[in-house]
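Residue strings, one per chain:
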Amino acid sequence: MSDFRQRALDYHEKPTPGKIRVELSKPAEGVDDLALAYSPGVAEPVREIANDPDAAYRYTAKGNMVAVISNGTAILGLGNLGPLASKPVMEGKALLFKRFAGLDAIDIEVKHRTTEEFINTVANIADTFGGINLEDIKAPECFEIEQELIKRCRIPVFHDDQHGTAIVTAAGMLNALEIQGKTIEDAKIVCMGAGAAAVACMELLIKCGAQREKIYMLDRKGVIHTRRDDLTEHKALFANNTDKRTLDDVMDGADIFVGVSGPDLLPPETLRLMADNPIVFACSNPDPEIKPELAHDVRSDLIMATGRSDYPNQVNNVLCFPFIFRGALDVRATAINDEMKVAAVEAIREISKEPVPDEVLKASKSESLTFGKHYIIPKPMDPRLCSRIAKAVAQAALDSGVARLDTLPASYK
Ligand SMILES: NC(=O)C1=CN([C@@H]2O[C@H](COP(=O)(O)OP(=O)(O)OC[C@H]3O[C@@H](n4cnc5c(N)ncnc54)[C@H](OP(=O)(O)O)[C@@H]3O)[C@@H](O)[C@H]2O)C=CC1
Ligand SMILES: CC(=O)C(=O)O
Ligand SMILES: [Mg+2]
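Residues numbered from 1 in each chain as written. Chains lettered and ligands numbered in written order. Predicted model: local features only at pLDDT ≥ 70, side-chain atom pairs only at ≥ 80, totals over all residues. Heavy atoms only, no water.

Summing up its helical and strand segments, the chain has 17 helices and ten strands in all. At 22 Å, the chain has a C-alpha radius of gyration in line with the 22 Å of a compact globule built from 413 residues. Expressed as lengths along the three principal axes of its C-alpha atoms, the size of the chain is roughly 75 × 50 × 50 Å. Burial status across the chain gives 52% buried among its 413 residues. A separation threshold of at least 6 residues defines the contact pool for the chain, and within that pool the share at least 24 residues apart is 67%. Accessible surface computed for the chain: about 19,700 Å², of which carbon and sulfur atoms make up 52%. Positive and negative side-chain charges in the chain, numbering 49 and 61 respectively, have mean positions lying 0 Å apart. (Helix = DSSP H or I, 4+ residues; strand = E, 2+ residues; numbered from the N terminus. Rg over C-alpha atoms; globule rule 2.2 N^0.38 Å. Buried < 20%, exposed > 50% of the residue type's maximum accessible area, 1.4 Å probe, protein only. Contact = heavy atoms within 4.5 Å. Areas by Shrake-Rupley, 256 points an atom, 1.4 Å probe, with all protein chains shown as cover. Lys, Arg positive; Asp, Glu negative; His and termini not counted. Charge placed at Lys NZ, Arg CZ, Asp CG, Glu CD.)

What follows is the structure in structure tokens.
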């Protein structure tokens, strides 16, 4: 067994199995404490909440708690391995919520027969939480699941693989284009993958100025084009009126490659076909569409990003989901809308261009990080992410009318 594999297994197993646990936030030592915490004292907040459901934010942990919910149908790039196998990833997301944004998160893995059954299960438990982060649910079911839950729940429901990924991709991409001296409007874009992350990333890039007809999306059958008769509703939105059929066909002269598909799907020789100063986001986890060392070997003019922590330019939704939920929950937003997503994109972009604090350099084992080809996007351990993204998102929620509080919390001012 490789040393890294063993270390990863040991990390998850020892000294106690798993990555999260529940801790008490109130004293529970003697009889007086127990009388308040449980019977009879607990009856008082019960009565308050029965009279006014919003009192749950005052008397329970709801307002600081997110459910990370999956069915394990698209676990990272590992595929449909079922709900239980997704648990380490969901515990991992909970760890990140707590570590980076102070949010308590609990993982829930749902076994279900039909999409409707999954939706009903989540809708029926939603009131327990301040927000719901859907994770690693494959396309096309993920689209219906998210839309239906948004309709049925009064709390933010956010499919991280769609929108968290799209927000971070857009922020990194706009920065990378700036560095390469290109514009989003003129860019020829190849997107490998046509699932949850791909569709959301391309839709957000279009909102940022990309031209739909300059996007070439591929699934397992090759280029998605108008003469295909096997396209789902969401793939059809990207059907290109082209006679190009293969990855090589569309990579010829491309400015941007976004990979949200699977490991090692971009051959180094195909990279040679791209335009000068290309941008390659090989975001599949854990193994990217192309390894950075291979990519750099064939192109010295590229900007390269992956979804991983152990290479420069980590384009990963961890830069978004803890903070967008922090901002949304802090103003009790009923939803996470486009205005809040755009505010997150802008906040991430801005931070990338500012001097990096010493503590971030130390945590990322870097001597220096300056906006440029090898630093297009902040590091996840940058403490500015939480304060800046959450504030921008909370303000956007207030401005766009989805916040249930009237003002930013005092701690934001
Ligand atoms: N860095 C980050 O922050 C994130 C990275 N990702 C990564 O993106 C990938 C996809 O995730 P997600 O969108 O949630 O999953 P989905 O299951 O929704 O989509 C997967 C897509 O990849 C396509 N695909 C798989 N294998 C190939 C192949 N050999 N050639 C072409 N296309 C292929 C599938 O094609 P078809 O439709 O034909 O089945 C499908 O369209 C994963 O690797 C995941 O780790 C996802 C979210 C965040
Ligand atoms: C990062 C992530 O959410 C994924 O790869 O699925
Ligand atoms: Mg995911």
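Back to the text.
The subject of this paragraph is the coordination of the magnesium ion (ligand 3). By definition of the ideal shapes, four donors in a tetrahedron about a metal sit 109.5 degrees apart, and six donors in an octahedron sit 90 or 180 degrees apart. Distances from the magnesium ion (ligand 3) to its protein donors, namely Glu135 (OE), Asp136 (OD) and Asp161 (OD), fall within the range 2.0 to 2.1 Å. Sequence positions of the donors to the magnesium ion (ligand 3) reduce to the motif E-D-x24-D. Linking glutamate 135 in the loop between β3 (131–134) and α7 (141–152) with aspartate 161 in helix α8 (residues 160–180), this pair joins segments that are 26 residues apart in sequence. Exposure remark for aspartate 161: the relative accessible area of 15% places this residue in the buried category. (Donors = N, O, S within 2.8 Å, 3.2 Å for Na, K, Ca; no water.)

Under the UniProt annotation, the feature "domain: Malic enzyme NAD-binding" (unreviewed entry) is placed at residues 162–398. Across residues 162–398 one finds 41% helix and 10% strand; the C-alpha atoms that close the span lie 23 Å apart. (UniProt positions renumbered as here; feature names shortened; annotations may be inferred.)

Alternating residues of strand β10 (residues 303–306) divide into Ile303 and Ala305 and Met304 and Thr306, and every residue in both groups is buried. Examined bridge by bridge, strand β9 (residues 279–282) and β10 share four bridges and lie parallel to one another. Bridge pairing in β10 places phenylalanine 281 opposite alanine 305. Once you follow β9 into helix α13 (residues 292–298) and on to β10, the crossover reads as right-handed. (Pairing = 2+ DSSP bridges. Right-handed = clockwise from strand over helix to strand, strands pointing away.)

This part is about the site of ligand 1. Taken together, the neighbourhood of ligand 1 is formed by 26 residues, with Ala194, Arg220, Lys235, Ser284 and Asn317 sitting nearest. Take cysteine 283: an N or O atom from its main chain is 3.1 Å from a nitrogen atom of ligand 1. At 2.6 Å, a side-chain N or O of serine 284 approaches an oxygen atom of ligand 1. Starting from 920 Å² of accessible surface for ligand 1 in isolation, the protein chains cover 86%. The set of elements that each furnish at least two residues to the shell around ligand 1 consists of α8 and α9 (196–207). (Near = heavy atom within 4 Å. Polar contact = N/O pair within 3.5 Å; in protein donor to acceptor, adjacent residues only side chain to side chain.)

For the rest of this paragraph, the subject is the side chain of glutamine 180. Structurally, glutamine 180 can be placed in helix α8. Here glutamine 180 falls in the buried class, since its relative accessible area comes to 9%. At 3.3 Å, the side chain of glutamine 180 forms a polar contact with the backbone oxygen of asparagine 277. Among the polar contacts made by the side chain of glutamine 180, one reaches the main-chain carbonyl oxygen of aspartate 301 at a distance of 2.9 Å.

As a matter of local geometry, ligand 2 sits amid Leu76, Lys93, Glu135, Asp136, Asp161, Asn285, Asn316 and Asn317. Residue asparagine 285 places a side-chain N or O atom 2.9 Å away from an oxygen atom belonging to ligand 2. Asparagine 317 places a polar side-chain atom, nitrogen or oxygen, 3.0 Å from an oxygen atom of ligand 2. Computed on the free molecule, ligand 2 has an accessible area of 220 Å², of which 86% lies beneath the protein chains in the complex.

So, on to the packing of aromatic side chains. How two aromatic rings sit relative to each other is set out by the distance from centre to centre and by the angle between their planes. In the structure shown here, the tally under the stated rule is three aromatic pairs. Taking 5.7 Å as the distance between ring centres and 85 degrees as the angle between the ring planes, the aromatic pair formed by phenylalanine 158 and phenylalanine 325 counts as edge-to-face. Placement of phenylalanine 158 in strand β4 (residues 157–159) and of phenylalanine 325 in helix α14 (residues 321–330) is noted, with a sequence separation of 167 residues between them. In this structure phenylalanine 325 comes out as buried when scored by relative accessible area, which is 0%. Sitting over the ring of tyrosine 216, lysine 188 keeps its end group 5.3 Å from the ring centre. (Phe/Tyr/Trp six-rings, centres within 6.5 Å; stacked < 30°, edge-to-face > 60°. Lys NZ or Arg CZ within 6 Å of the ring centre and 35° of its normal.)

The interhelical angle for the contact between helix α15 (residues 338–352) and helix α17 (residues 384–399), taken along N-to-C directions, is 150 degrees, at an axis separation of 8 Å. Viewed along their axes, α15 and α17 adopt a mutual orientation that is roughly antiparallel. In this structure, the crossing between α15 and α17 has a hand that is right-handed. Seen from α15, the contacting residues are Glu339, Met340, Ala343, Ala344, Ala347, Ile348, Glu350 and Ile351; seen from α17, they are Arg384, Leu385, Arg388, Ile389, Ala392, Val393, Ala396 and Ala397. (Axes fitted to C-alpha atoms, helices over the stretch in contact; angles between N-to-C directions. Parallel < 35°, antiparallel > 145°, perpendicular 65-115°, else oblique. Left-handed = near helix turned anticlockwise from the far one by under 90°.)

Relative to the 16 Å expected for twelve residues at 1.5 Å per residue, α9 spans 17 Å between its end C-alpha atoms, a close match to the ideal helical length. For α9, a buried count of ten out of twelve residues is recorded, marking the element as mostly surrounded by other parts of the structure. Glycine 209 sits one or two positions beyond α9 and adopts a positive phi of about 125 degrees. (Expected span 1.5 Å × (residues − 1).)

In the numbering used here, UniProt assigns the feature "domain: Malic enzyme N-terminal" (unreviewed entry) to residues 17–150. For the annotated span residues 17–150, helix accounts for 43% and strand for 12% of the residues, and the straight-line distance between the end C-alpha atoms is 34 Å.

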